Every structure is written in structure tokens, then in C-alpha cells.
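A structural walkthrough
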Amino acid sequence: MREAHPIERTVGMAYYVSDADGVGGHLRASPEDFRVTELESFDTAPVDADTGGYPHLVFRAELHNWDTNDFASALSDKLGISRERVSWAGTKDKRAVTRQLFSVKGVGPDDLPELDGAEVEVVGRAGRPILFGDLAGNAFEIVVRDTDAPDNAAAVCSDLRAFAGGGDADADTAALPDDAVTVAVPNYFGQQRFGSRRPVTHEVGLAIVREAWKEAVLAYVGNPHEREPEDTQAARAYVDETEDWQGALERLPRALGYERSMCHKLVDNGGETPADFREAVETLPTNLQTLFVNAAQSYVFNRILSERLARGLPFDRPVEGDVVCFKDSEAPEDLPLPDTDRIQRVTEKRLRTVERHCERGRAFVTAPLVGTDTELADGEPGEIEREVLDDVGLEPGDFDLPGEFDSSGTRRAVQVRTDLGVRRDGDALTFEFALPKGSYATVLLREFRKNDPGT
């Protein structure tokens, strides 16, 4: 286990589980190097179904170099409708080629506009919108180019097989396996959850959970980051120094539409009371409002996993005090999903039985995504959870919040497994694998690359 890159540590990912040196290299040299295909889990009626009972048109889009939110905004603008009528199951990275489902309320197949970089295939109709999480997972084909040491991939692969409980980390490090092998990594939330260029969404979320609305605005509109263009850094620094919202509008680049909408609201309402700043945050799309709180939960979760690694607790099997959840009986056989509604506390008496369930892929060790209904674990896992919450100054009851910011919480598996295939072509490595919904391809790839996640 070795320390992670500094920018990963800022979002709670403190370690790599692989001790082997990384391959280096670059992600997304072109969008075609990062291909994502949703493994769909959403039923539709025929496209000619009655629009009264099935008002939502469902279509599959192949997007080239589109951010999901930006595509939804462009689509709604072309249709002349509210963006809130466009829904999808999972937010994808921009610099990629993605195939995913969308639904739009109250439009017909012939209404769908043409957009550059988007190929649309109508699937059918539905009685409700597609909601976040309405998918089983995602399949990936990702090329890492210009690697410095591609031979290191075999040793990393061996380490990750061992982390999955599949053998000795020192074995089979000379060459990549010919066939796909089962590997595992901590089920961290990836860098893009927090902002790939400027990781601040968790800072905004932590301020919201504390109901520090002004601090939330400043964390999002101000708070410059060295990875941003100089004019953007200067505009954000001006916000921090002056809290002059009209002046900020004159300085913030037009591309920062969300930041500008917040400033417009503060100019309109005076920007003097906590309610004024809350209104500014609420100008953002509802899914982004929820994302901020989710990012705060994700940061706490990452911190808990990092501390579990630091203490040497296992991820593939429970210890006394853990909370496990069982496999979703409706999930695909080749992509087991945790059912976080079916949980069990691990006592000394139950330990060996639950261990066997975990060994057979029927149960998963979990950690909390903290919310109002969260009950923390017992024993050493519970001690870790309480220490992390104390350190960030939160408790479950703090998530009793207004509107889109409220969260009851849930639990999430601490480890994610996949069957991984790796091919080498010169200094390029191609990775093929599938992950359950909510897990991040970049969390697997960071173990191989071990460099700046922004490269």
C-alpha cells in the first residue's frame, strides 16, 4: 500500500492498494480512447404506446465528447422545453464516447433534434422518467497511451488479484495474463465525482450540510484552483477578496454559466442574508444541488475506506462489527449488485457464516454514505466511521435539510470486483472490464497509472 497522488488525497483517496510501480501514461488522448456503454436495466413500452399512459420518450444516444448535463441542456434548448424534463440514468465523462439512455417528457420521436456529436436511436416510451441509477452498470474499453513503463501492468494486475482474494501478490508478475482475470479495488468515488479539474464539489456540499450557505457559494464561485485558466483564477480570486457579485459577473468567463447564475441571483436579492445565498445555490439544476450533498457523503466515504486500508482491515471479508449487505437477487449473474436494503450486522457468532457469503459473492462489506437514517457500524469499523465524522464535523442528523439537499443516506460496498482484460500495443495499454452502477473506471485505472489523474 502506497500513498496516492496529492490531488487524490484531497478527496479522501489516500492510498493505492497496489505497491507495484505504475505505468504512467495519458487518458483520453481522444474521446475514442474512453468508451462507455451502459448495461441497461430499464423497461419500455413500444414507441407508439399511448402518450397519456406513457408520456416519456426513451432514446439511446451515442455521444462524442459531450458532458451529460451539457447535452441535456442543449437538447432542451433545441426542443424549447425545461431541462428538468430531460432525464438519464448515469452521468458520464465528457471526453469520451458514451452510449446511454435518456428520457424526455412530452415529445415525439420526430421532435428530437440533430446535435453535433450525438447519434440518437429511439427505444420506446415509459410511464415515468429514467432516474439516476436506472442501469445495472457500465462496460468500458479504455486506452492508456504514452505509458512510461507498460511492463509494470503485470505486477499491478497481480496485486489487484490478491486484493480480490485471488492469490499471492508476488506471483505472475512477469507478463500480463492472456485471459481476463478477477481483480478488485477499493470502491472509492473517483476524482470526477468532485470535479476533475477543480475538485470542490465536496467542499460545497460540506458547507451546505452545515447550512453555511454563504460559504457554499464562495466555495463554488470563488475558490480558484491552479489547474484553471488564469482569467478564471483571477475572477474567482476577485470573488473571494471582494464578494462583489456584480463585479464578478463582469469578470467570470461566459462558459461558467452556473457560477454566473448564482451571481445574478445575489445581485437581484442583495446577497446579505443566509436565505439570499441559499436562493443562489437553488438557481442550479436540481440534480447539481443533490450532487453537492452526494459529494460530501462521497468524501466521507472515501475517508472511511482510506482509514480501513491504513488499519489493515480486509475489504473482501468482514470483521466483527461490520455491516454487510446481500446480493441483489434481480441483478445480472455476471454483474453482482449489492442490495443495500438487505443489511446485516456482523457479530462474533455470525462472523464465519457471513465470511462464507462474502467468499461466494453473496454478500458485501459496506461503509456508510451518511444521512439522517444512518446507523453506524460496531467494533473497529464503527470506530473508524465515528472518527472520520468527528474530524469533518458532521453527524447523521445534519443531513435533515430543505429541498434537494436532504438525504436519508445508504450504505455502499467497500470493494468492487471485475473481470479485467489488458492488451498491450507498444506503449499503449487497452483495458476492458465492466463495473456495477456507481463504481468508477478511473478508480481501477489509477492503480495502474499512479500519476496525476488529470493527465
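Per chain, residues are indexed from 1 in the order of the written sequence. In view of the model being predicted, local features appear only for residues whose pLDDT reaches at least 70, and side-chain atom pairs are presented and counted only at 80 or more, with totals across whole chains, interfaces and linings using the full set of residues. Processing note: side-chain calculations cover all non-hydrogen atoms of the structure and skip hydrogens and water entirely.

**Describing the overall build of the chain**
Definition in use: Note on conventions: DSSP H or I runs of at least 4 residues are helices, E runs of at least 2 residues are strands, and numbering of each starts at the N terminus. In this treatment the radius of gyration is a C-alpha quantity, and the globule benchmark scales as 2.2 Å times the residue count to the 0.38 power. Only protein chains enter the accessibility calculation, which uses a 1.4 Å probe; a residue is then buried when its area is under 20% of its type maximum, exposed when over 50%, and partly exposed in between. In this analysis, two residues are considered to be in contact whenever any of their non-hydrogen atoms come within 4.5 Å of each other. Working definition of accessibility: Shrake-Rupley area with a 1.4 Å probe, residue cover restricted to the visible protein chains.
When helices and strands are tallied, the chain shows 13 helices and 15 strands. For 455 residues, the compact-globule estimate of 2.2 N^0.38 gives 23 Å, and the chain sits close to it at 22 Å. Buried positions account for 53% of the 455 residues belonging to the chain. The long-range share in the chain, meaning contacts at least 24 apart out of those at least 6 apart in sequence, stands at 72%. Accessible surface for the chain amounts to roughly 20,000 Å². Of this, 42% is attributable to carbon and sulfur atoms.

**Here we look at the pattern of salt bridges**
Quick note on the threshold: When a carboxyl oxygen of Asp or Glu is within 4 Å of a side-chain nitrogen of Lys or Arg, the pair counts as a salt bridge.
This structure, assessed with the given rule, holds 30 salt bridges. When the shortest N-O distance is used, the salt bridge between glutamate 228 and arginine 198 registers 3.7 Å. In this pair, glutamate 228 sits in the loop between α5 (213–221) and α6 (230–242) while arginine 198 sits in the loop between β9 (181–186) and α4 (201–209), placing the two residues 30 residues apart along the sequence. Its relative accessible area of 9% is what places glutamate 228 among the buried residues. Several salt bridges converge on common partners, so that one network encompasses Glu307, Arg311, Glu380, Glu383 and Glu387.

**Description of the sheet that holds strand β13 (residues 410–413)**
Two pairing modes exist for strands in a sheet, parallel and antiparallel, and in both the strands are linked by backbone hydrogen bonds. Using the following cut-off: Note: two strands are recorded as paired if DSSP finds a minimum of 2 bridges between them. Comment: axis = line fitted to C-alpha atoms, over the contacting stretch for helices; angle = value between 0 and 180 degrees taken between N-to-C directions.
Pairing is antiparallel across the open sheet formed by four strands, whose spatial order is β11-β10-β12-β13. Only two strands of the sheet have a single partner each, and these edge strands are β11 (338–345) and β13. Strand-to-strand twist of the sheet, defined as the mean angle between neighbouring strand axes without regard to direction, takes the value 50°. The pairing of strand β10 (residues 323–327) with strand β12 (residues 363–369) spans four bridges and is antiparallel. Across the sheet, cysteine 325 pairs through a bridge with phenylalanine 364, a residue of β12. Relative to β12, helix α10 (residues 286–310) is tilted by about 125°, and along the sheet it contacts β12 and β13. Here helix α11 (residues 351–359) sits on the sheet and contacts β10, β11 and β12; the angle it forms with β12, its principal contact strand, is near 100°.

**Quick notes on helix α9 (residues 274–281)**
Worth spelling out the cut-off: Throughout, the arc means the angular range of directions from the helix axis out to the C-beta atoms.
Where α9 is concerned, the buried positions are Asp276, Phe277, Ala280 and Val281. What you see down the axis of α9 is that its buried residues fit within an arc of 140°, all on one side. Those residues of α9 that are buried lie in contact with α4, α5, α7 (245–251), α8 (257–269) and α10.

**Comments concerning unusual backbone geometry**
You will see that arginine 28, though not glycine, has its phi angle at about 60°, which is positive. The topology assignment puts arginine 28 in the loop between β2 (15–16) and β3 (34–40). A positive phi angle is found at asparagine 223, which is not glycine, with a value near 60°. You can see asparagine 223 is positioned in the loop between α5 and α6. Note on asparagine 223: relative accessible area 22%, which makes it partly exposed.

**A few points about the packing of α8 against α9**
Working note: a packed helix pair is described by the angle between its axes plus the distance between those axes. Test applied: Handedness of a crossing is defined here by the sense of rotation of the near helix relative to the far one, left-handed for an anticlockwise turn of less than a right angle and right-handed for a clockwise turn. Only Asp, Glu, Lys and Arg are considered charged in this grouping, and only Ala, Val, Leu, Ile, Met, Phe, Trp, Tyr, Cys and Pro are considered nonpolar; every other residue, Gly among them, is considered polar.
Contact geometry of α8 with α9 gives a least axis separation of 8 Å together with a crossing angle of 145°. As α8 packs across α9, the resulting crossing turns out to be right-handed. On α9, the residues that touch Met262, Lys265, Leu266 and Asn269 of α8 are Asp276, Phe277, Glu279, Ala280 and Val281. Among the residues forming the contact of α8 with α9, the class breakdown is five nonpolar, one polar and three charged.

**Some points on the side chain of threonine 232**
With respect to the helices and strands, the residue threonine 232 is situated in helix α6. A relative accessible area of 7% places threonine 232 in the buried class. Not counting chain neighbours up to four residues away, the residues in contact with threonine 232 comprise Pro253 and Leu256.

**Overview of the packing of aromatic side chains**
Worth spelling out the cut-off: Here a Phe, Tyr or Trp ring, Trp counted by its six-membered ring, pairs with any other such ring whose centre lies within 6.5 Å, and the pair is stacked when the planes are under 30 degrees apart, edge-to-face when over 60, and tilted otherwise.
The final tally for this structure, using the stated rule, is 12 aromatic pairs. Chaining the aromatic ring pairs together yields one cluster made of Phe59, Trp66, Phe71, Trp88 and Phe102.

**A closer look at the nonpolar core**
For clarity, the cut-off: Nonpolar cores are built from buried Ala, Val, Leu, Ile, Met, Phe, Trp, Tyr and Cys residues. Side-chain atoms within 4.5 Å join them into one set.
In terms of nonpolar packing, the biggest core is built from 99 residues, with Ile208, Val217, Leu420, Phe431, Phe433 and Phe448 touching the most fellow members. The biggest single contributor to this core is α10, with 11 residues. Each residue touching phenylalanine 433, except ones within four places of it in the same chain, is listed here: Asn138, Ala139, Phe140, Ile142, Thr418, Asp419, Leu420, Ala441 and Leu444. In this structure, Phe71, Ala72, Trp88 and Ala118 belong to the second largest nonpolar core, which totals 19 residues.

**Comments concerning a negative patch on the surface**
Heads up, the rule is: To count toward a patch, a residue needs a relative accessible area above 30% and no salt bridge. Like charges then connect within 9 Å, nonpolar side chains (Val, Leu, Ile, Met, Phe, Trp, Tyr) within 5 Å. In this tally, Asp and Glu contribute negative charge and Lys and Arg positive charge; neither His nor the terminal groups of the chain are included. All charge positions are set by atom: Lys at NZ, Arg at CZ, Asp at CG, Glu at CD.
Together, Asp146, Asp148, Asp425 and Asp427 make up a negatively charged patch on the protein surface. Mapped onto the fold, aspartate 148 is located in the loop between β8 (135–144) and α3 (153–163). Taking the relative accessible area as the measure of exposure, aspartate 148 reaches 69% and is therefore exposed.

**Observations concerning the packing of α10 against helix α12 (residues 379–392)**
To be explicit about the condition: Note that the term roughly parallel is reserved for angles under 35 degrees, roughly antiparallel for angles over 145, roughly perpendicular for angles of 65 to 115, and oblique for everything else.
Where α10 contacts α12, the two axes come as close as 9 Å, and the packing angle between them is 130°. In terms of orientation, α10 lies oblique with respect to α12. Two packed elements cross with a definite hand, and for α10 against α12 that hand is right-handed. Of the residues in α12, those in contact with Tyr299, Val300, Arg303, Ile304, Glu307 and Arg308 of α10 are Pro381, Ile384, Glu385, Val388, Leu389, Asp391 and Val392. Considering only residue class, the contact of α10 with α12 consists of eight nonpolar, no polar and five charged.

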